[in-house]
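Each chain, written out:
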Amino acid sequence: MKTVTSLSELRAARAELPAPIGFAPTMGYLHEGHLSLGRRAKAECASVVFSIFVNPTQFGPTEDFNAYPRNLPADLALLETIGVDLVWTPTPAILYPPGFQTWVTVEEITQPLEGGMRPGHFRGVATVVAKLFNAVGPDKAYFGQKDAQQVAVIRQMASDLNFPLEVVICPTAREPDGLAMSSRNTYLTPEQRRAAPVLFQALQAAQASYTRGERDAEALRQVMSRVLAAEPLARPQYVSCADPLTLQELQTIERGALLSMAVFVGKTRLIDNLVLG
Ligand code: PAF
């Protein structure tokens, strides 16, 4: 496994790799969810590239950019175990040199849900992912379903800007108690960690209601809100039952739905989702 930092090193190393190339962009502090992307890429591609970059432009001014967990040696050791070929660890100055002023803005599907709560977040995500795609030139790019709206935004961006690649979505990796794996879970105290699976429990309760025949979206939002309300450490920011393509809130479920939520547990903001139908 080769690790490079500069753009010229990346280009030289990339040129040596046999195609097709699978690529997983990450912000590091890797867990099983990231490794599952790598294993899938390994199964489907001749070469696998990862990037590790905590992207400052997708964090709001009051968010956790400085506190975001980082451990490059541990990340590299994990990537080695799954047979990754190339890891790119650019610096902020490489991706955002002085005078940088070009941004990628995906318009409609960035407005609801996470976009409503985190202004500017998806502009930062779409811009950095476009830059990573340009530099790495992958045939397939792997993302986790845990960030459902991010996946929708990246698909839209890749299609609108004619990136010649396939966006592959992999299932959310979960802890045995259902908590979606996230680098941010490390912020939770033991008591908060015990409370955190309530997000998945709320999603499962709504899914059970859907399976029994409920098609009223507001009824499903209420099912999720009731489960969350029973956990004193959980403070929901939003609870949604939306169209899986447009991400607009639904009244009646006709062709499936994306159940999603953002919930504070202590100071940690957790997100999770589940697709119905
Ligand atoms: O999902 C993430 O880790 C980040 O949003 C991504 C896609 C690597 C862009 O910084």
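What counts and what doesn't
- Residue positions are given per chain, counting from 1 as you read along its sequence in written order.
- Only residues with pLDDT of at least 70 are given local features in this predicted model, and only at 80 or more are side-chain atom pairs given and counted; all residues enter the totals for whole chains, interfaces and linings.
- Excluded from the side-chain calculations are hydrogens and water; all other atoms, namely the structure's heavy atoms, are used.
- Throughout this document, a residue counts as near a molecule or strand when at least one of its heavy atoms sits within 4 Å of that molecule or strand.
- In protein, a polar contact means a hydrogen-donor-capable atom and an acceptor-capable atom, both N or O and within 3.5 Å, with residues adjacent in sequence counting only if both atoms are side-chain atoms; elsewhere, any N or O pair within 3.5 Å suffices.
- Where accessible areas are quoted, they stem from the Shrake-Rupley method and a 1.4 Å probe; at the residue level, only the protein chains shown are allowed to cover.
- Each helix is a run of DSSP H or I of at least 4 residues and each strand a run of E of at least 2, with the numbering of both proceeding from the N terminus.
- Classes in brief: Ala, Val, Leu, Ile, Met, Phe, Trp, Tyr, Cys and Pro nonpolar; Asp, Glu, Lys and Arg charged; the others, Gly included, polar.
- When DSSP finds two or more bridges between two strands, those strands count as paired.
- Axis lines are fitted through C-alpha atoms, for helices just across the contact stretch, and the angle between N-to-C directions can take any value from 0 to 180 degrees.
- Throughout, a residue-residue contact means that at least one pair of heavy atoms, one from each residue, lies within 4.5 Å.
- In this analysis, the protein atoms alone were mapped onto a 1 Å grid. Cavities are point sets where a 1.4 Å probe fits without being able to get out; pockets are open sets with protein on both sides within 12 Å along at least five of seven lines; lining residues have an atom within 4 Å of a point.
- Grid points are joined across faces, edges and corners, and a volume is the space filled by probe spheres set on the points.
- An angle counts as roughly parallel when it lies under 35 degrees, as roughly antiparallel when it exceeds 145, as roughly perpendicular when it falls between 65 and 115, and as oblique in every other case.
- Two helices cross in a left-handed way if the nearer one is turned anticlockwise from the farther one by less than a right angle. They cross in a right-handed way if the turn is clockwise.

Caption draft 1: Local environment of the site of the ligand. Looking at the ligand, the residues that line it are Pro25, Thr26, Met27, Asn55, Gln58, Val128, Val129, Phe143 and Gln150. At 2.7 Å from an oxygen atom of the ligand is found a side-chain nitrogen or oxygen belonging to Gln150. Relative to its unbound accessible surface of 290 Å², the ligand loses 89% to contact with the protein. Counting residues per element, the ones that place at least two in the shell around the ligand are β2 (21-26) and α6 (121-136). In terms of residue class, the shell around the ligand is built from 5 nonpolar, 4 polar and no charged.

Caption draft 2: Summary view of the sheet that holds strand β9 (residues 268-276). Taken together, 3 strands build an open sheet; the order of strands is β7-β8-β9 and the sheet is antiparallel. A single partner strand is all that each edge strand has here, and the edge strands are β7 (234-242) and β9. Taken pair by pair, the neighbouring strands of this sheet meet at an average axis angle of 15°, ignoring direction. In this structure, strand β8 (residues 257-265) lies alongside β9, joined through 9 bridges in antiparallel fashion. If you follow Leu258 over to β9, its bridge partner there is Val275. Sheet strands in contact with helix α9 (residues 198-211) are β7, β8 and β9, and its direction is about 20° off that of β9.

Caption draft 3: Molecular detail of the sheet that holds strand β3 (residues 47-52). Spatial ordering of the open sheet is given by β1-β4-β3-β2-β5-β6, a layout of 6 strands whose pairing is parallel. The open sheet has two edge strands, β1 (2-4) and β6 (166-170), and neither has a second partner. The average angle at which neighbouring strand axes cross in this sheet is 25°, direction not considered. Two elements, β1 and strand β4 (residues 86-88), share 3 bridges in a ladder whose sense is parallel. Bridge pairing in β4 links Val4 to Trp88. Its contacts with the sheet place helix α2 (residues 32-44) against β2, β3, β5 (140-144) and β6, and it is angled at close to 155° to β5.

Caption draft 4: Spotlight on the layout of surface pockets. For the second largest pocket, the calculated volume is near 260 Å³. Looking at the second largest pocket, it is lined by 13 residues, and the ones nearest its centre are Val151, Ala152, Arg155, Pro244 and Leu245.

Caption draft 5: Focus on the packing of α6 against helix α7 (residues 148-160). Between α6 and α7, the shortest axis-to-axis distance is 10 Å and the interhelical angle comes to 50°. Relative to α7, α6 is oriented oblique. The hand of the α6/α7 crossing is right-handed. Side by side, α6 and α7 meet where Phe122, Val125, Ala126, Val129, Ala130 and Phe133 of the first sit next to Gln149, Gln150, Val153, Ile154, Met157 and Ala158 of the second. For the contact of α6 with α7, the residue count by class is 10 nonpolar, 2 polar and no charged.

From the geometry alone we can't say anything about function, so treat these as descriptive.
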